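# Reading the structure
For reference, the chains in residue letters:
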Amino acid sequence: MPSRKISLGQSIIVVLVSLFSLSCLFPFVMVIAGSVSSESDIVQHGYSIIPRSVSFDSYRILLLGSNRIVDAYVVSAIVTVVGTVLSLLVTSMGAYAMARRSFRYRNVLSIYAIITILFSGGLVPWYIICVRYLELKDTMWAMILPPLANAFNMFLIRNFMQAMPDDLHESAKIDGAGEFRIYAQLIVPLAKPVLATIGLFVSLSYWNDWFLGLMFIDKQELQPLQLLLRTLVSNIEFLRTSNNAMDIQRIASQLPSQSLKMALTVVTIGPIIFLYPFLQRYFVKGLMVGAVKG
Amino acid sequence: MAQSKLKPTLLAALVLMLAFALAACSGNKGGEASPPAQLGGASSPAASAGGASAEEEVTLKFYFGGDKKAATDEVWEKISEYVKAKGLNVKFDINFIPFGDFKDKMLVMAASGDKWDLNFDGDWLSYKLMAAKGSYMALNDLLPQHAPNLAKKYEEQGTLEAATVNGQIVGLPWTMKMNQRYYVGWRQDLAEKAGIIREPDSVKTIEDIDQFLHELREAYPNEKLSRTPAQAMYMTRDEWVDLGFHQLGFYLNDPEVKIQPIEQQPFYLEASRMTKKWYDDRIINRDAMYDKEGAEDQWRNGKLLFTMTSHEWAFANPGFSDPSFKQQMFLLYPDKKYVNRTALANVLAINRNSEHPDRVLRFLDMVETDRVLYDLLQYGIEGKTYVLNDEVAEYPEGMTFTTSNYMEWGGQWAFWKPQFMRPNQTYAKDFWVNEAEFASLPINVNSPVDGLFIAEDNIKNEIAKRDQLYEELGKPIEFGVVKDVDGAIADYVEKQKNAGLDKIIADAQQQIDAYLAAKK
């Protein structure tokens, strides 16, 4: 069996690739080590792979009102799941309509969507719409609805769908399927690779979003994880640098801001990182679909 | 063919969208413009506190900065109970905005006409912008009517002037008074060990400091001595007031408040030469320009031998990491005038759309006069959010600054009252009363332009260029890093002039003149 033998060149490649893969883990290890280092070590010696002295202070601060962080986790999870599902539904339906050649106003629709990429109403009108007209303040919908339809994603899906042959529609029509059935049972399953990609984008952006929470959520129990963590870090940074927080500054200087940031990274990347392995096969599939079609 | 048909549709869509966008904007402005002036008169004035039963309960919405501590709602419920018993029938809805995003959120909320009653602010946050945009309610009539004690206090302190925009009082500054003029200080224990002894009050001028620093360097050739450039000392000597506006300022003895660039002043050259000398003699740390670590930390941990600070830290407990450390402080140029710290550092302001400014003011008036309420507000519930150790309010067991459930909440500073503040580890009893007395000395004066907001809209580009030049050329001069000081300054001055300095000065001066004219 000559094929079993690994040539020198191959083994070099394997070693190189393994080294490269290991080096990808390096930052992660660094972050985790940083999160359990004591602040003075970081300030004096910089980050290191093996902490000089282990301290869990930053985790203690992060989890201070332990309920709060759990609440925030739940809020973020709900927003991410509901938001991703709804967003995929809305964007793909929009994209489907734009991709259908038999739809006469598809270009109008496209331009209408493009305009939202090019121009924005500005922060204040946007805020007014959300607060005064849609009354989203202090509701979970405030974090779900505003980014629901994203024109850029819509175009990605549209282009993918446009590449599908028109005959598909025709044959389905002949078999008696209505538009919605064609969309739901024929096109969506075929568009899985692009939907998986967009789904990943969307869920990441929902998970990482803090701005909507900042703008619309005053109630503490509805604040998403990222906002909570951002608040913690931003306040500590602020107290350290502002000379207005005079009395507090003395105490603030002992706050573990560097290791806190690391601990925070560990806490936030936790759940979302598991999304990648599940979606990975779709990426590979997506590549192959494209390859076969040439 | 299809495209030509599309165009009118597209046009129509565009027009519609524009119309909606504009409608939203103008609708907003209309909402903002509605005057809330009559509200104050409609409600019962402070004097009728006895008739509480007739007064309906209202909820006041407050915004502060920072993180909402765990027991906040509980404490404010207690506060509500307390003030209700005193005849003020209010509940509180307390919200917090992270400091890093405070300004943005405030401006958006104000621009979109949101309704709230009171918020924390400061000249380092959104106060000046909010005040300039008219987002805060004018309190000229309401303040004396509903908060007579507070109004009296302001009158004594003369701080309301800073919070007056176009003749209208729009902010309620804190009633702390302090002056941050410079004290220089060093580690007395080390200096005396080396035989360098100075009598109290014997060091007043830059020449004194220069001599001392050289002696100290000789005694401790390898220690990090100082990271303080000489410029601020010269500014004190010449009574220069830095406007905090892109290295521009004015001389305090100039009645016309003529704004000038710092790099063109004679003292700039003198100071830069002195700094250069210190740099060459290794008195200033080589990394002073890049050192990101807090100077206070270094001082506390004994990593600096010389520092420059204020009256506050000259007399507060510095909290040295080693009890054998001792400091000696000297007031620099004690006969020169120096401006007080702005009272706008910590401000409470009532939103223009507030429906109950009278109640808010009555609440604030109670805080001014009621010690029990003050304790409740600052420290919370005894036994739960703080414990009393003698007179000192301390964290309950197991809590620290970061894990406290109420104490040290963000925005409390605006409520600080020197007469009620409890002593703590850092500040002894009556510390703040003494601080206020110091600020009231004749050498310490209020800035003629305190509260001035200089808009940058017309000079954005010039300012960006000026800032960039400062980072590139100005800073190295000020830290003594350049080789040839005179040449570098001449070059720097020339480049700043070419970058549009005149335009910046003309625009800023116009705003200052208008501000001063409006005050007269």
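Think of each chain on its own: its residues are numbered from 1, step by step along the sequence as written. All chains are assigned letters beginning at A, and all ligands numbers beginning at 1, according to the order in which they are written. Two thresholds apply to this predicted model, a pLDDT of at least 70 for residue-level local features and 80 or more for giving and counting side-chain atom pairs, whereas whole-chain, interface and lining totals are computed over all residues.

A separate point is the overall build of chain B. Counting from the N terminus, the helices are DSSP H or I runs at least four residues long and the strands are E runs at least two residues long. Of regular secondary structure, chain B possesses 19 helices and 17 strands. With C-beta atoms placed from the backbone, a residue counts as buried when 20 or more other C-beta atoms lie within 10 Å of its own, as exposed when 12 or fewer do, and as partly exposed for counts between those limits. Evaluated residue by residue, chain B yields a buried proportion of 40% over its 520 residues. Remark: residues whose backbone-derived C-beta atoms lie within 7 Å of one another are considered to be in contact. Of all intrachain contacts in chain B linking residues separated by at least 6 positions in sequence, the fraction that spans at least 24 positions is 78%.

Before going further, it helps to examine the packing of helix H7 (residues 148-157) of chain B against helix H14 (residues 357-369) of chain B. A pair of packed helices is captured by two measures, namely the crossing angle of their axes and the spacing between those axes. Residue and element names in this part refer to chain B. Each axis is a line fitted through C-alpha atoms, and for a helix only the stretch in contact is used; angles between axes span 0 to 180 degrees, taken between their N-to-C directions. Taken N-terminus to C-terminus, the directions of H7 and H14 make an angle of 65°; their axes are 7 Å apart at the nearest point. Relative to H14, the element H7 is oriented roughly perpendicular. Where H7 approaches H14, its residues Pro 148, Asn 149, Leu 150 and Lys 153 are matched on the opposing element by Leu 364, Asp 365, Glu 368 and Thr 369. Classes in brief: Ala, Val, Leu, Ile, Met, Phe, Trp, Tyr, Cys and Pro nonpolar; Asp, Glu, Lys and Arg charged; the others, Gly included, polar. Here the contact of H7 with H14 is built from residues that sort into three nonpolar, two polar and three charged. Roughly parallel means an angle under 35 degrees; roughly antiparallel, over 145; roughly perpendicular, 65 to 115; everything else is oblique.

Our next topic: the domain arrangement of chain B. For chain B, the assigned domains read domain 1 (36-177 + 344-379), domain 2 (182-339) and domain 3 (457-519). Source of the domain bounds: an automatic or database domain assignment. Once you take the C-alpha centre of each, domain 1 of chain B and domain 3 of chain B turn out to be 38 Å apart.

Residues and elements named next belong to chain B. Paired strands, in this sense, are two strands between which DSSP finds at least two bridges. Pairing is mixed across the open sheet formed by five strands, whose spatial order is S2-S1-S3-S14-S6. The sheet terminates laterally at strand S2 (90-97) and strand S6 (172-173), the two strands that pair on one side only. Relative to strand S3 (residues 118-121), strand S1 (residues 58-65) runs parallel, the two being bridged by two bridges. By the bridge assignment, Phe 62 is partnered in S3 with Leu 118.

The next thing to look at is the nonpolar core. Residues and elements named next belong to chain B. Among the nonpolar cores identified, the biggest contains 78 residues, and Ala 163, Val 170, Val 347, Leu 348, Ala 349 and Leu 364 are the most heavily contacted of them. Each residue touching Val 347, except ones within four places of it in the same chain, is listed here: Asp 121, Gly 122, Tyr 127, Ala 163, Gly 171, Leu 172, Pro 173 and Ala 414. Under the definition applied here, buried Ala, Val, Leu, Ile, Met, Phe, Trp, Tyr and Cys residues are grouped into a nonpolar core through C-beta atoms within 7 Å. Grouped together as the second largest cluster of nonpolar side chains are 51 residues, Tyr 182, Ile 209, Phe 330 and Phe 479 included.

Residues and elements named next belong to chain B. In this structure, Asn 166 is a non-glycine residue whose phi angle is positive, near 50°. Residues other than glycine seldom take positive phi values, yet Asp 390 does so here, at roughly 60°. Topologically, Asp 390 is positioned in the loop between strand S15 (387-389) and strand S16 (392-394).

Residue and element names in this part refer to chain B. One open sheet holds the three strands; their spatial order is S11-S7-S12, and the pairing between them is antiparallel. The open sheet has two edge strands with one neighbour each: strand S11 (306-310) and strand S12 (327-331). For this sheet, the mean angle separating the axes of adjacent strands, direction not counted, is 30°.

Turning our eyes to something else, we now look at the environment of Pro318(B). Residues and elements named next belong to chain B. Among the structural elements, Pro 318 can be located in the loop between helix H13 (311-315) and S12. Pro 318 sits 22 residues away from Glu 296 along the chain, and the two C-alpha atoms are 9.0 Å apart. Those residues within four positions of Pro 318 in sequence are excluded, and the remaining contacts are Arg 300, Trp 313 and Gln 327.

All names here are of chain B. Burial along S3 is two-sided: Leu 118 and Phe 120 and Asn 119 and Asp 121, pointing in opposite directions, are all buried. The sheet contact formed by S3 and strand S14 (residues 347-350) spans four bridges and is antiparallel. Each bridged residue has a counterpart across the sheet, and for Asn 119 the counterpart in S14 is Ala 349.

On to the packing of helix H5 (residues 106-118) of chain A against helix H8 (residues 151-162) of chain A. Residues and elements named next belong to chain A. Direction vectors running N to C along H5 and H8 enclose 140°, while the axes themselves pass 9 Å from each other. If you check the angle between H5 and H8, you find them oblique. Counting all contacts with H5, which are made through Ala 113, Ile 114, Thr 116 and Ile 117, the residues of H8 involved are Ala 151, Phe 152 and Met 154.

Below, the discussion takes up the environment of Ile111(A). Mapped onto the fold, Ile111(A) is located in helix H5. The sequence separation of Ile111(A) and Ala151(A) amounts to 40 residues, and the corresponding C-alpha distance is 10.0 Å.

A few words now on H7(B). Residue and element names in this part refer to chain B. Of all the positions in H7, only Leu 150, Ala 151 and Tyr 154 are classed as buried. Around the axis of H7, the buried residues are gathered within 100° of arc, so they sit on the same side. Away from the buried face of H7 by more than 90 degrees, exposed residues Glu 155 and Glu 156 are located. Close packing links the buried residues of H7 with helix H6 (142-146) and H14. Following H7 by one or two positions, Gly 158 has its phi on the positive side, about 65°. Throughout, the arc means that of the directions going from the helix axis to the C-beta atoms.

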